[in-house]
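Topology and contacts: notes
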Amino acid sequence: MALRAQDSSKRPLVLSRSTFAGSGQYAAHWTGDNNSTFSDLAKSIPAILRMNMFGISMVGADICGFNGNTTEELCQRWYQLGAFYPFCRNHNHKDSKDQDPTAFGDNMAAAVKKVLDIRHSLIPYFYYLFLQSHVNGDTVVRPLFFEYPSDSTTYNINYQFMWGKCLLVSPVVTAGATKVTAYFPADLWYDFYTLSAFDSKGENKILDAPLDMINLHVRGGCILPTLHSTWRGNPGYKLIAALDSTGEANGTVYIDDGGTFWTYTNGLYRWIDMVVSNQIMTLTMTRNGFMGWAFIDTIQVLGVDTEPSVVFVNTVNTSFTYNNDTLVMTVPLTEGTFPLTNVKMKWT
């Protein structure tokens with residue numbers, strides 16, 4: 001209330017490590033003074049999952065650890081994990097050695113930039129998840145059993161987690177590891193980097209995990225809105241439609257001004273439903289209470305079994321590329337030509 005008294009129109013950020021169930025409607029939480037160890041890195045995952053269950057969705061641990069001196073490997077792995085904390089912050093003791101991304105040289109700085117760029121690109125998806133947390137009390141990060149409650153294997157998985165229903169995160173949590181054993185519930189999954197599909201029956205898979213990457217997988221049936229470019233200061237979106245086994249997918253874009261109080265309550269937002277079915281992708285704007293401008297610069301559809309002969313976007317015959325190995329169709333759109341509003345794309 002004190003911060004709102006300074007400027008009642010702006011959303012304040014209150015950060016505390018002393019919280020209780022329900023505090024999430026007022027404040028963010030960090031998990032306290034941890035240690036620079038792989039053990040504490042691993043323990044941070046169930047910690048943020050529990051906090052989300054308690055209704056505190058904006059939560060994170062001190063990246064690289066607070067007490068003690070970190071190592072380059074630990075810090076790099078922790079940045080990769082921390083990029084997928086809801087609250088992402090590096091924080092250490094004043095007597096510990098520096099642990100910012102540049103403290104360990106150019107290679108680590110480049111790797112940290114890569115994973116933070118991924119986080120930034122996914123902000124439209126994350127922002128929608130936080131809206132659902134605000135309105136419905138949903139979790140932002142969640143354990144696998146939230147999405148697959150009938151799969152008993154997921155009940156004891158502490159070191160993988162999901163962002164909403166669509167993104168599976170499988171970090172390295174032990175020293176010296178260059179591979180990770182990840183569990184994939186029965187579903188169709190797409191590698192975030194290669195876009196290749198994996199139709200799981202509910203099984204473990206050993207994944208390569210070089211020091212400069214974290215394994216991410218997109219669940220079939222999801223459409224992820226991502227930030228991809230800018231044009232005249234306006235955001236350009238790349239829409240990634242990961243088809244499920246029936247060739248369908250759905251998702252939502254929610255946009256407001258990003259800082260004003262009561263935008264949702266007062267209807268000052270844009271809401272766009274995205275659906276793919278029968279080789280037609282439809283974007284339907286159900287509310288246009290936010291006047292800021294955004295455009296689509298790319299539409300990418302994963303899991304297109306047969307190479308299309310033609311693609312129409314709003315009745316315009318549009319060029320595209322198709323990868324026969326990954327079964328991915330990519331439709332680049334001219335900058336600023338297709339506003340992020342009502343759009344229909346059809347391929348045959």
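Here, every reference points to the structure presented above.
A brief report on the enclosed structure follows. (Residues numbered from 1 in each chain as written. Predicted model: local features only at pLDDT ≥ 70, side-chain atom pairs only at ≥ 80, totals over all residues. Heavy atoms only, no water.)

Right, let's talk about the nonpolar core for a bit. Counting residues in each nonpolar core, the largest one holds 85 residues, and the members touching the most others are Phe84, Trp163 and Met345. Among the elements that line this core, the one with the most residues is helix H2 (residues 38-53), at 7 residues. Listed in part, the 15 residues of the second largest apolar core include Leu144, Ala177, Tyr183 and Trp189. (Core = buried A, V, L, I, M, F, W, Y, C linked by side-chain atoms within 4.5 Å. Buried < 20%, exposed > 50% of the residue type's maximum accessible area, 1.4 Å probe, protein only. Helix = DSSP H or I, 4+ residues; strand = E, 2+ residues; numbered from the N terminus.)

Per the stated rule, a full pass over the model turns up 18 aromatic pairs. The interplanar angle of 75 degrees and the centroid separation of 5.9 Å between the aromatic rings of tyrosine 128 and tryptophan 271 together place this pair among those described as edge-to-face. On the criterion of sequence distance, the pair formed by tyrosine 128 in helix H5 (residues 123-136) and tryptophan 271 in strand E17 (residues 270-277) is long-range, its members being 143 residues apart. Each member of the pair, tyrosine 128 as well as tryptophan 271, carries the same accessibility label: buried. Here the aromatic rings of phenylalanine 184 and phenylalanine 198 are separated by 5.2 Å at their centres, their planes lie at 85 degrees, and the arrangement is edge-to-face. Of the two residues, phenylalanine 184 sits in strand E9 (residues 179-184) while phenylalanine 198 sits in strand E11 (residues 197-200), which places them 14 residues apart along the sequence. Under the relative-accessibility criterion, phenylalanine 198 is labelled buried at 17%. Put simply, the rings of Tyr127, Tyr128, Tyr254, Tyr264, Tyr269 and Trp271 touch in pairs and so form one group of aromatic residues. Here lysine 205 stacks its cationic end above the ring of phenylalanine 198, 4.4 Å away from the centre of that ring. The ring centre of tyrosine 269 lies 5.6 Å from the NZ or CZ of arginine 287, which sits over that ring. (Phe/Tyr/Trp six-rings, centres within 6.5 Å; stacked < 30°, edge-to-face > 60°. Lys NZ or Arg CZ within 6 Å of the ring centre and 35° of its normal.)

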